[in-house]
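Understanding the architecture of this molecule
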Amino acid sequence: MISLIGFFSLCLSTIFCIIVLIPYSILKINIKYLLFIFRSSTFLVCISFVSLIFAYVTSDFSNFNVFQNSHSDKPLIYKITGSWGNHEGSILLWVCMISIYGFLYSIFSKSLNNFKITVLKIQSALFLIFAFFIIFTSNPFLVNSVLVEEGLGLNPILQDPALAIHPPMLYLGYVGFSLVFSLAIASLLKKNSHQIWIIEIRKWSMISWGFLTAGIALGSYWAYYELGWGGWWFWDPVENISLMPWIAGLALVHSLLMIRGEQAIEKWIVFLAILCFSLCILGTFLVRSGILTSVHSFASDASRGLFILLIFFVTTGFGFLVFLIKSPSKKNDLHLLLINKTSALIINNILMIIAVLTILLGTIYPIIVEVLTNTRVSVGGPYFNSTVLPILLPGFLLMSIAPALSWQTNKIKKFKLYVMCFLILSAVVLLQSYLTDFNPWGFIGLILGLWIIFASILSIVLRYKFSITIKYIKTINSFIAHIGVGVMIIGITVSSIYQKEFNFNITVGEEVIIDNEILKFKEIKLIDEKNYQSLRAVFSLEKKDTILSYIEAGKNYYPVSKTITTEAGIYHDWFKDVYITLGSENNNVWFIRVYLNPLVSFIWIGVIIMLFSSIIAVIKK
Amino acid sequence: MKFQNSFKFLFFLFFSCNAFASDNIGEQVKKLTLELRCMTCQNQSVYDSDSDYAKDIKKLVEEKFNEGLEEKEIKDFLTERYGEYILFRPYFSSKNLLLWLFPFILIIASMLIFIKNVKKK
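This structure is a prediction, so every number in the text was calculated from the model and none was measured. (Residues numbered from 1 in each chain as written. Chains lettered and ligands numbered in written order. Predicted model: local features only at pLDDT ≥ 70, side-chain atom pairs only at ≥ 80, totals over all residues.)

The helix and strand tally for chain A stands at 18 helices and nine strands. Taking 25 Å as the expected radius of gyration for a compact globule of 621 residues, we find that chain A reaches 26 Å, a close match to that expectation. Projected onto its principal axes, the C-alpha coordinates of chain A cover approximately 80 × 75 × 55 Å. The proportion of buried residues among the 621 residues of chain A is 48%. (Helix = DSSP H or I, 4+ residues; strand = E, 2+ residues; numbered from the N terminus. Rg over C-alpha atoms; globule rule 2.2 N^0.38 Å. Buried ≥ 20, exposed ≤ 12 C-beta atoms within 10 Å, placed from the backbone.)

Structure follows, in structure tokens:
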């Protein structure tokens, strides 16, 4: 019953969207009614999604999708999140968000009605394409043909708090770029429109980028503690796919800054906006078609893959076609100097786009080679580390001073002070790395990170009078964002280069020494939880006879799907993480692997600072 | 004068760090196995994996190093046996030229265009 309501309201909202799309010359509706129809369509698709959630919560196994992905034993939260933990449900969430973004735009936009309607029409078209995709290939409301009492259960590694909110966050980011795309296309179609669209595109791209950041960070935090590999980024194809629109979005957000220097390069902005959303769809295609195998592929199906490929070509093709035909003809007089703010922003944009293209090539290269020569190759972490990082290096260096540069001249106030500080800083870092273990990458990373933080703080102190007001935070916002990046770079560098690893074979009661601390193996616990069995090895971390913390590392066994997941035990400290994974057992001797990850917390702190500054940027006028 | 000294110091450090590279076989094994794909896992390196396959490869690599083989020779041996799929860092060969040169061509091209535009002003 509930599935029927869901499907019916989805169809109805699709029909409403078709009505919105009918040209004004054929169907003369007042704009008020048109907005009403669009908003009702949003309302209906939300009902549709809520009814899917309802079906999951009540474990309605007459719904085939619920039967395949849920189990009545699951805790309530994973019943709810299970609704988007599968292909069909997640695409419904995607469609729902396209509509919600349109809805929010229709409320908050201050554009002229004419322009507004064009944006909503494009948004409706996107909605329609994905709605058809659901109805014809991925319907979450199919009826289960057999009568069953119990479902097949959700993939255990998805039963995790971080992963529960990871997909909606990521989708809010991806789908947010659909609105950015619509705005860009509308600006091409409606020439002479007010310049408000640039301000609006800035807001919405900032919002989308913020959500994307949060989504990616949650995903990589999950990978950190759930996979038990000691790292948090693996250059996995699926990670790369989310990174591409993220970097492109970052380039877009930066290029939009140039409006303030009154040098808006419309062409470039529109191009980036189209590119961002294209990358999002391309990512969806690569993940969902099953070309790449990963946690995210779910059950893959050739027809779905083809359909998404079609969507990709239609939207991207349409986007770039409109871009070519109607591209803004205004001649841009860029005020390029070596080096002022405009050229810094342009260099940053170029570097980011090259990084995106490199990641793209690296990710699809194995597919290309396999199609052409029928041999399999891998392109993994080492390739990306040795190409993408050097490409981004000059950008990072530039970033430290870019916000302090001027639009008009290439002079920096107190230039000598900056140079002095940089030299002193380099000397200190050099001394530090010379005294410890000299590593070129560690050296470069540390200098960069510290310098970005230092130069940003220096610029803030030199340029603005300190006060504790929101206005003050708004003015120094770009510096705050860059400090976040600096903190993150330090975290990434130190945690990946100075990571220490220990392997032990250990029995209960034994203790081992790790650097300055003692790790005691206390006991083995076996607990029956609601829908899984947990095995935990309890360790205590001691320093000079005081217990710092207990760490529980272990495994979970999920009987429904007969899978085992690793649960790393982590002791978080501001300056280091002690990270333990439990291996196999042999005659009561357990194999454990202990990682000392210094400064990992800096990565997450950096991300939080960046998120904070993106929120400030959104509320900023 | 001061600068010259510090530059000399810097150069010394950069060039001497090669000399610091450890001859320790354990380190070499780690470095190499980090760049090998565990063929039975999902996008995991041989070094990070605890699967039987990864253990075998680790043992094999260690033996080869003990026999005195160079990293390149071991890689060749492994690719002959398992195909180039095992390498996370594809060979810099004529076949993979596009993959390796693409980013650097882009960098150089965009740099040239940028410089040209700056000079015009």
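What follows concerns the overall build of chain B. For chain B, the helix and strand inventory stands at five helices and zero strands. Going residue by residue from the N terminus, the α and β elements of chain B occur as α-α-α-α-α. When the 121 residues of chain B are sorted by exposure, 21% land in the buried category. Pairs at least 24 apart in sequence give 43% of the contacts found in chain B among residues at least 6 apart. (Contact = placed C-beta atoms within 7 Å.)

All right, on to the interface of chain B and chain A then. Between chain B and chain A, the contact holds 29 residues from the first and 32 residues from the second. Listing elements by their share of the side of chain B that touches chain A, those giving two or more residues are helix H1 (2-20) and helix H5 (97-120) of chain B. In terms of residues, the side of chain B that touches chain A owes the most to one element, H5(B), which gives nine residues. Classifying every residue of the side of chain B that touches chain A by side-chain character gives 15 nonpolar, seven polar and seven charged. (Nonpolar A, V, L, I, M, F, W, Y, C, P; charged D, E, K, R; others polar.)

All names here are of chain A. Strand order in the open sheet made by the five strands is S2-S3-S4-S5-S6, with antiparallel pairing throughout. Each having just a single partner strand, strand S2 (511-514) and strand S6 (563-567) make up the two edges of the open sheet. Going across the sheet, the axis of each strand differs from the next one's by a mean of 25°, ignoring polarity. Direction of pairing for strand S3 (residues 517-528) relative to strand S4 (residues 533-543): antiparallel, over a ladder of 10 bridges. Within S4, the residue paired with leucine 526 across the bridge is leucine 535. (Pairing = 2+ DSSP bridges. Axes fitted to C-alpha atoms, helices over the stretch in contact; angles between N-to-C directions.)

All names here are of chain A. Of the pairings in the sheet, the one linking strand S1 (residues 500-506) to strand S9 (residues 589-598) comprises seven bridges and is antiparallel in character. Within S9, the residue paired with phenylalanine 502 across the bridge is valine 594. Looking at chain direction, strand S8 (residues 576-586) and S9 are connected through nine bridges and run antiparallel. In the strand pairing of S9, lysine 576 is matched with proline 598.

Before going further, it helps to spend a moment on the domain arrangement of chain A. Residues and elements named next belong to chain A. In terms of domain boundaries, chain A breaks down into domain 1 (1-154), domain 2 (404-496) and domain 3 (500-601). Computed from C-alpha atoms alone, the centre-to-centre distance between domain 1 and domain 3 is 43 Å. Between domain 1 and domain 3, the residue contacts involve five residues of the former and four residues of the latter. Taken together, the residues of the side of domain 1 that touches domain 3 break down into one nonpolar, two polar and two charged. (Domains from an automatic or database assignment.)

Attention now moves to the nonpolar core. Residue and element names in this part refer to chain A. The biggest cluster of nonpolar side chains holds 181 residues, and the ones touching the most others in it are Val95, Val180, Ala273 and Cys276. Discounting residues that sit within four places of it in the chain, alanine 273 has contacts with Val180, Phe181, Leu183, Ala184, Ile201 and Leu252. Ranked by size, the runner-up nonpolar core spans 15 residues in total, among them Ile506, Ala568, Ile580 and Ile592. (Core = buried A, V, L, I, M, F, W, Y, C linked by C-beta atoms within 7 Å.)

Residue and element names in this part refer to chain A. Here strand S7 (residues 569-572) runs beside S8; their pairing, made up of four bridges, is antiparallel. Counterpart to tyrosine 571 in the pairing with S8 is valine 578. Count of turn residues in the S7/S8 antiparallel hairpin: three residues. Counted between consecutive antiparallel strands, the loop separating S8 from S9 contains two residues, among which asparagine 587 sits at a positive phi close to 50°.

Here we come to the sheet that holds S7(A). Neighbouring strands of a sheet are bound in pairs by backbone hydrogen bonds; such pairs are parallel or else antiparallel. Residue and element names in this part refer to chain A. Spatial ordering of the open sheet is given by S1-S9-S8-S7, a layout of four strands whose pairing is antiparallel. Bordering the open sheet on either side are S1 and S7, each of which pairs with just one other strand. Along the sheet, successive strands turn relative to each other by an average axial angle of 15°, direction set aside.

Residue and element names in this part refer to chain B. With 12 residues, helix H4 (residues 71-82) should reach 16 Å at 1.5 Å per residue; the first-to-last C-alpha distance of 16 Å fits that figure. Here H4 has its buried residues at Ile74, Lys75 and Leu78. The buried residues of H4 all sit within an arc of 100° when viewed along its axis, so they share a single face. Those residues of H4 that are exposed and aimed more than 90 degrees away from the buried face are Lys72 and Glu80. The secondary structure elements touched by the buried residues of H4 are helix H2 (25-33) and helix H3 (52-66). Trailing H4 by a residue or two, glycine 83 shows a phi angle of about 85°, which is positive. (Expected span 1.5 Å × (residues − 1). Arc of directions from axis to C-beta.)

All names here are of chain A. Considering the arrangement of structural elements, one finds leucine 306 in helix H11 (residues 302-325). Residue class for leucine 306 comes out partly exposed when judged on the 13 C-beta atoms lying within 10 Å of it. When the C-alpha positions of leucine 306 and phenylalanine 108 are compared, they lie 36 Å apart, and in sequence the two are 198 residues distant.

Turning our eyes to something else, we now look at the packing of helix H9 (residues 237-255) of chain A against helix H12 (residues 341-373) of chain A. All names here are of chain A. Where H9 meets H12, the axes come as close as 9 Å, and the angle between the chain directions of the two elements is 165°. In this view, H9 runs roughly antiparallel relative to H12, as classed from their interaxial angle. For the pair H9 and H12, the crossing hand works out as left-handed. Residues Pro237, Asn240, Ile241, Leu243, Met244, Ile247, Ala248, Leu250, Ala251, His254 and Ser255 of H9 form the contact with H12, whose own contacting residues are Leu345, Asn348, Asn349, Met352, Ile353, Ala355, Val356, Ile359, Leu360 and Thr363. Looking at the contact of H9 with H12, its residues break down into 15 nonpolar, six polar and no charged. (Parallel < 35°, antiparallel > 145°, perpendicular 65-115°, else oblique. Left-handed = near helix turned anticlockwise from the far one by under 90°.)

So, about unusual backbone geometry. All names here are of chain A. In the Ramachandran plot, aspartate 515 falls in the positive-phi region, its phi being about 50° despite a non-glycine side chain. Inspection of the secondary structure puts aspartate 515 in the loop between S2 and S3. Located in the positive-phi region is leucine 599, a residue other than glycine, with phi close to 60°. Examined against the element boundaries, leucine 599 turns out to sit in the loop between S9 and helix H18 (600-619). What makes leucine 599 buried here is the crowd of 22 C-beta atoms within 10 Å.

Right, let's get into the packing of helix H7 (residues 161-189) of chain A against helix H8 (residues 196-226) of chain A. All names here are of chain A. Relative orientation of the contacting elements H7 and H8 amounts to 155°, with a least axis distance of 7 Å. With respect to H8, the element H7 is oriented roughly antiparallel. H8 is crossed by H7, and the crossing has left-handed handedness. In terms of residue class, the contact of H7 with H8 is made up of 24 nonpolar, eight polar and one charged.

As a further point, take the environment of A:Met1. Residue and element names in this part refer to chain A. With respect to the helices and strands, the residue methionine 1 is situated in the segment before helix H1 (2-21). A tally of 9 C-beta atoms within 10 Å means that methionine 1 is categorised as exposed. Along the backbone, methionine 1 and aspartate 60 are 59 residues apart, and their C-alpha atoms lie at a distance of 9.6 Å.

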